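# Observations on the three-dimensional arrangement
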Amino acid sequence: MSTVLAGPSAGPLAPDPRLGRRQRTLVGLAWGALLLNVLTYADTATVVPLPTLAGSALTQGAVLVALLLALVVNPGGVVRPQVFLLLLTVLAIGASAASLYSEFFLSATFRAGRMVLFVTVLWLLSTWFGRRDMLLLRMHRTALAVVMATVYAGALVAPGLAFAFQDRLAGVVWPIPPTQVAHYAAVLLGTSLLLWMCRLVGGVRAGLMVLLSLLPLLATHTRTAVIGVLVGLVVASLSLLMGHVRVRRTLMVAGGGGAIGAALFISPLTVWLLRGQSADEANKLTGRTDVWSAVADLERPWIEDLFGWGLSDQSFGGLPIDSSWVATYVDQGWLGVGVQAAVLLLLLLMAVVHRPGPERAIALFLVAYCTVASVTETGLGAPSVYLLDLTVAASLLVPGWRARQP
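Residues numbered from 1 in each chain as written. Predicted model: local features only at pLDDT ≥ 70, side-chain atom pairs only at ≥ 80, totals over all residues. Heavy atoms only, no water.

Here we come to the overall build of the protein. Check the secondary structure of the protein and you find 17 helices and four strands. Here the protein, with 406 residues, has 51% of them falling under the buried criterion. When contacts within the protein are restricted to residue pairs at least 6 apart in sequence, those whose partners lie at least 24 apart make up 76%. When the accessible surface of the protein is split by element, carbon and sulfur atoms take 71% of a total near 18200 Å². (Helix = DSSP H or I, 4+ residues; strand = E, 2+ residues; numbered from the N terminus. Buried < 20%, exposed > 50% of the residue type's maximum accessible area, 1.4 Å probe, protein only. Contact = heavy atoms within 4.5 Å. Areas by Shrake-Rupley, 256 points an atom, 1.4 Å probe, with all protein chains shown as cover.)

Another aspect to go through is helix H3 (residues 83–99). The end-to-end C-alpha separation of H3 is 24 Å, in line with the 24 Å expected for 17 residues at 1.5 Å each. Burial in H3 covers these residues: Phe84, Leu85, Leu87, Leu88, Leu91, Ala92, Gly94, Ala95, Ala98 and Ser99. Packed against the buried residues of H3 are helix H4 (105–125), helix H14 (302–307), helix H15 (324–353) and helix H17 (385–397). (Expected span 1.5 Å × (residues − 1).)

To continue, consider the pattern of salt bridges. The full count for this structure, using the stated rule, is four salt bridges. Its salt-bridge partner being Arg138, residue Asp133 comes within 3.8 Å of it at the nearest N-O pair. For Asp133, a relative accessible area of 0% puts it in the buried group. Judged by its relative accessible area of 19%, Arg138 falls in the buried class. When the shortest N-O distance is used, the salt bridge between Arg355 and Glu359 registers 4.0 Å. (Salt bridge = Lys/Arg side-chain N within 4 Å of Asp/Glu carboxyl O.)

Another aspect to go through is the confidence of the model for the protein. Parts of the model with low pLDDT should not have their predicted coordinates read in detail. In this model, the protein carries an average pLDDT of 85, and 83% of its residues clear a pLDDT of 70 or more. Note on residues 1–11: pLDDT is under 50 here. Beyond four places in sequence and across chains, it has 33 contacts. When the criterion is pLDDT under 50, residues 402–406 qualifies, and its contacts beyond four places in sequence or with other chains add up to 17 contacts. (pLDDT = per-residue confidence, 0-100.)

Even without a glycine there, the phi angle at Asp167 is positive, about 60°. Structurally, Asp167 can be placed in the loop between helix H6 (159–162) and strand S1 (171–172). Looking at Asp167, the relative accessible area reads 59%, which means it is exposed. Located in the positive-phi region is Arg199, a residue other than glycine, with phi close to 60°. Along the chain, Arg199 falls in the loop between helix H7 (178–197) and helix H8 (203–219). Arg199 gets classed as exposed once you look at its relative accessible area, which sits at 55%.

All told, the structure shown has two cavities of 30 Å³ or more when counted by the stated rule. Estimates place the volume of the largest cavity at around 50 Å³. The wall of the largest cavity is formed by Val90, Leu91, Gly94, Phe307, Gln332, Leu335, Gly336 and Val339. Those elements giving two or more residues to the lining of the largest cavity turn out to be H3 and H15. Among the elements that line the lining of the largest cavity, the one with the most residues is H15, at four residues. Tallied by class, the residues present in the lining of the largest cavity amount to five nonpolar, three polar and no charged. Together, Thr179, His183, Thr222, Thr224, Ala225, Tyr369, Ala373, Glu377 and Tyr386 line the second largest cavity. Here the residues of the lining of the second largest cavity sort into four nonpolar, four polar and one charged. (1 Å grid on protein atoms, 1.4 Å probe; cavity = no way out; pocket = protein on both sides within 12 Å on 5 of 7 lines; lining within 4 Å. Points joined across faces, edges and corners; volume = space filled by probe spheres on them. Nonpolar A, V, L, I, M, F, W, Y, C, P; charged D, E, K, R; others polar.)

For the coordinates displayed, the defined rule picks out three aromatic pairs. On the basis of an interplanar angle of 75° and a centroid distance of 5.0 Å, the ring pair of Tyr41 and Trp174 is categorised as edge-to-face. Placement of the pair is Tyr41 in the loop between helix H1 (21–37) and helix H2 (52–73) and Trp174 in the loop between S1 and strand S2 (175–176), with a sequence separation of 133 residues. The two residues Tyr41 and Trp174 agree in class, both being buried. We note Arg300 situated over the ring of Trp309; from NZ or CZ to the ring centre the distance is 5.2 Å. Just above the ring of Tyr329 sits the side chain of Arg300; from NZ or CZ to the centre is 4.6 Å. (Phe/Tyr/Trp six-rings, centres within 6.5 Å; stacked < 30°, edge-to-face > 60°. Lys NZ or Arg CZ within 6 Å of the ring centre and 35° of its normal.)

A cluster of nonpolar residues, Leu100, Tyr101, Phe105, Leu106, Trp302, Ile303, Leu306, Phe307, Trp334 and Leu335, forms a patch on the protein surface that exposes about 1100 Å² of accessible area. The set of elements that each furnish at least two residues to the nonpolar patch consists of H4, H14 and H15. A total of four residues in the nonpolar patch trace back to one element, the largest contributor, which is H14. The residue Trp334 is located in helix H15 in this model. (Patch = residues over 30% accessible without salt bridge, like charges linked within 9 Å, V, L, I, M, F, W, Y side chains within 5 Å.)

With that out of the way, let us pick up the nonpolar core. Grouped together as the largest cluster of nonpolar side chains are 103 residues, with contacts concentrated most on Trp31, Leu34, Phe84, Leu125, Leu217, Leu347 and Leu390. Per element, the largest residue contribution to this core is eleven residues, and it comes from H7. Not counting residues up to four positions away in its chain, the partners in contact with Leu125 are Val27, Ala30, Trp31, Leu34, Ala70 and Leu136. Counting ten residues, the second-largest nonpolar core is a separate cluster that includes Ile321, Ala327, Tyr329 and Val330. (Core = buried A, V, L, I, M, F, W, Y, C linked by side-chain atoms within 4.5 Å.)

Another aspect to go through is the packing of helix H5 (residues 135–157) against H8. Contact geometry of H5 with H8 gives a least axis separation of 11 Å together with a crossing angle of 55°. Taken as axis vectors, H5 and H8 run oblique relative to one another. As H5 packs across H8, the resulting crossing turns out to be left-handed. Together, Arg141, Met148 and Tyr152 of H5 and Met209, Leu211, Leu212, Leu215 and Pro216 of H8 make up the contact between the two elements. (Axes fitted to C-alpha atoms, helices over the stretch in contact; angles between N-to-C directions. Parallel < 35°, antiparallel > 145°, perpendicular 65-115°, else oblique. Left-handed = near helix turned anticlockwise from the far one by under 90°.)

Let's shift gears to the packing of helix H9 (residues 223–238) against helix H16 (residues 358–373). How two helices sit against one another is set out by the angle between their axes and by the gap between those axes. Taken N-terminus to C-terminus, the directions of H9 and H16 make an angle of 145°; their axes are 8 Å apart at the nearest point. Viewed along their axes, H9 and H16 form a crossing whose handedness is right-handed. On the side of H9, the interface is formed by Thr224, Ala225, Ile227, Gly228, Val229, Val231, Gly232, Leu233, Val235 and Ala236, while H16 contributes Ala361, Leu364, Phe365, Ala368, Tyr369, Val372 and Ala373.

Below is the structure:
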């Protein structure tokens, strides 16, 4: 028995009645397990103390749960061939090969194996790409909203603990650093605004989501996330200018209001941006450039320069690298950097040739945001929420297809 997965009668953002509730639930749970897998458990103070070993086991074991759920909903292993996932596969194979001669063989091999499983689950979910109801986008937003609910709960229950790190909001129900909180809030904020501008969600619902996303974004004092949201929204909005009056009006109001607000509140804005740092510290991106310079001075054999030395904890000399490009170069060499760039370029080209509409706009927002964030955050070369963001973008950009349900 077969079921059409996508068709012309499926309304945007409305669940397709031809896809059963059980299937939608399983896809959502598989996606949620992937997100849990990339919620790295840090050994920091939380409202409910959990042994580090237990927390790590939950996150690292979640990819196996995601794989099991994906196989249940797609028992036939039906996949949709596409270049985006092929590039991620090349990245995973390169990481696995580099781990074979890594100085840290066991840890590098474990991380590479986890990445192979992560990409395998994405392949199994690829049969739900190209759906008019934007199923994976809905599941991604739901999963992020659940995570943000835990951040709010922690801030309400233990505000002192939630703002203990340099007065920046962090998750303390589950340990989530401010930069990750900002990322989740930024994606929810940007996609909510775009869905409202495209008249796919109502004003009250969108307004509530925007407010609940904007507050934690500002409370994290994460400059990269704010810049990424602004750049992403501008790029996405420009793609909608010709066909949406609401978009043009919103851009005009936002542009004028932003200019007036910047002029009136330049002093507090500067304080917020510096967050207690000196100008020199801000210029060095909180010490990031020192680590990047040390990596640039690194001398290693040509094979490691080409393929890296296997997946690590994305640190160098005991300090976090905090750049997807530098971290990928260290772990996966120039091959990994090239594949990472090819992924972003591919999605950009897919967006250029895609028909104008909400799918293209949201995909452009996600690609632009991830590109900006990749400069000072890691994630594009290993399992992360950034790869999930880009997978959602890819799912929005592929043309709809008719497939037999596995």
